[in-house]
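Here is how the chains run, residue by residue.
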Amino acid sequence: MADKASFVSAIAAALAAVLAALNIYYSGQRERERWARDVLVDVLVTFLDSSFDSSRAVRDHLEGAAADDAPDWVARVETAHRQKMAALTKIRLLAPGRAVDAAVGLHEADYRFARLGSAHPIPTAAKISLVHEEVWAARRQFIAASQRTVRLRYRDAPTRSLTGMRSQGLFRRR
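Residues numbered from 1 in each chain as written. Predicted model: local features only at pLDDT ≥ 70, side-chain atom pairs only at ≥ 80, totals over all residues. Heavy atoms only, no water.

Draft legend 1. Looking closely at the overall build of the protein. Regarding its fold elements, the protein presents 5 helices and 0 strands. Order of helices (α) and strands (β) in the protein, N terminus to C terminus: α-α-α-α-α. The 174 residues of the protein split such that 28% are buried. The contacts of the protein with a sequence gap of at least 6 include a subset with a gap of at least 24, amounting to 62%. For the protein, the computed accessible surface area is about 11,600 Å², with 59% contributed by carbon and sulfur atoms. (Helix = DSSP H or I, 4+ residues; strand = E, 2+ residues; numbered from the N terminus. Buried < 20%, exposed > 50% of the residue type's maximum accessible area, 1.4 Å probe, protein only. Contact = heavy atoms within 4.5 Å. Areas by Shrake-Rupley, 256 points an atom, 1.4 Å probe, with all protein chains shown as cover.)

Next comes the structure, spelled out in structure tokens:
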């Protein structure tokens, strides 16, 4: 009887060791995934913030249309460009292709908008508005691709009530 009890104890100990090893392995996997997602969210936010910074600098310059602010707005656009390029490198490493394509599209739209700041003669308000709308369209694509990448369930910014979002199909229950 003692042999049977020690055999059952040995089996139970071995099974506990295997389960503990599996738990450690899967906990490590979850931690790695959580870390990668957190880093990716930070990079996506940095990229989007830099896009806003670039547009704001160009818009401020175009609205002021003063020659004496040229070094300031150019420096702001260049800073935003450097931040976007550093973030884009990380996005290429961490995100799927659709997010990378959307980031590149937004970067190109930002570049077209920034070129308006140094155009001579100063572009018309209609031209500025048209190019700015292209930036916003690219920004919306980037946000949607980013949300899919980090697995957010809603398709639009949650500015409406949850009930209204569900009725419009913008939020799905699990």
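Draft legend 2. Quick look at the packing of aromatic side chains. Tallying each qualifying case throughout the model produces 2 aromatic pairs. A centroid spacing of 5.1 Å and a plane angle of 45° characterise the contact between Phe47 and Phe142, whose relative ring orientation is tilted. Taken as a pair, Phe47 in helix α1 (residues 2-64) and Phe142 in helix α4 (residues 125-149) lie far apart in primary sequence, 95 residues in all. Comparing Phe47 with Phe142, the two get one shared label, buried. (Phe/Tyr/Trp six-rings, centres within 6.5 Å; stacked < 30°, edge-to-face > 60°.)

Draft legend 3. Geometry of α4. End to end, α4 covers 36 Å across 25 residues, agreeing with the expected 36 Å (1.5 Å per residue, within 8%). If you check which residues of α4 are buried, you get Ile128, Val131, His132, Val135, Ala138, Arg139, Phe142, Ala145, Ser146, Gln147 and Thr149. Looking one or two residues beyond α4, the residue adopting positive phi is Arg151, at roughly 65°. (Expected span 1.5 Å × (residues − 1).)

Draft legend 4. Representation of the nonpolar core in the model. Grouped together as the largest cluster of nonpolar side chains are 30 residues, with contacts concentrated most on Phe47, Val58, Ile91, Leu106, Phe113 and Phe142. Those elements that place two or more of their residues in this core are α1, α2 (70-94), α3 (97-116) and α4. Of the residues forming this core, the biggest block, 9 residues, is contributed by α3. Leave out the neighbours within four places in its chain, and Leu106 touches Phe47, Leu48, Ser51, Val135, Ala138, Arg139 and Phe142. (Core = buried A, V, L, I, M, F, W, Y, C linked by side-chain atoms within 4.5 Å.)

Draft legend 5. Molecular detail of the packing of α3 against α4. Their axes nearest at 8 Å, the elements α3 and α4 cross at an angle of 160°. Between α3 and α4, the angle falls in the class roughly antiparallel. Between α3 and α4 lies a crossing of left-handed hand. (Axes fitted to C-alpha atoms, helices over the stretch in contact; angles between N-to-C directions. Parallel < 35°, antiparallel > 145°, perpendicular 65-115°, else oblique. Left-handed = near helix turned anticlockwise from the far one by under 90°.)

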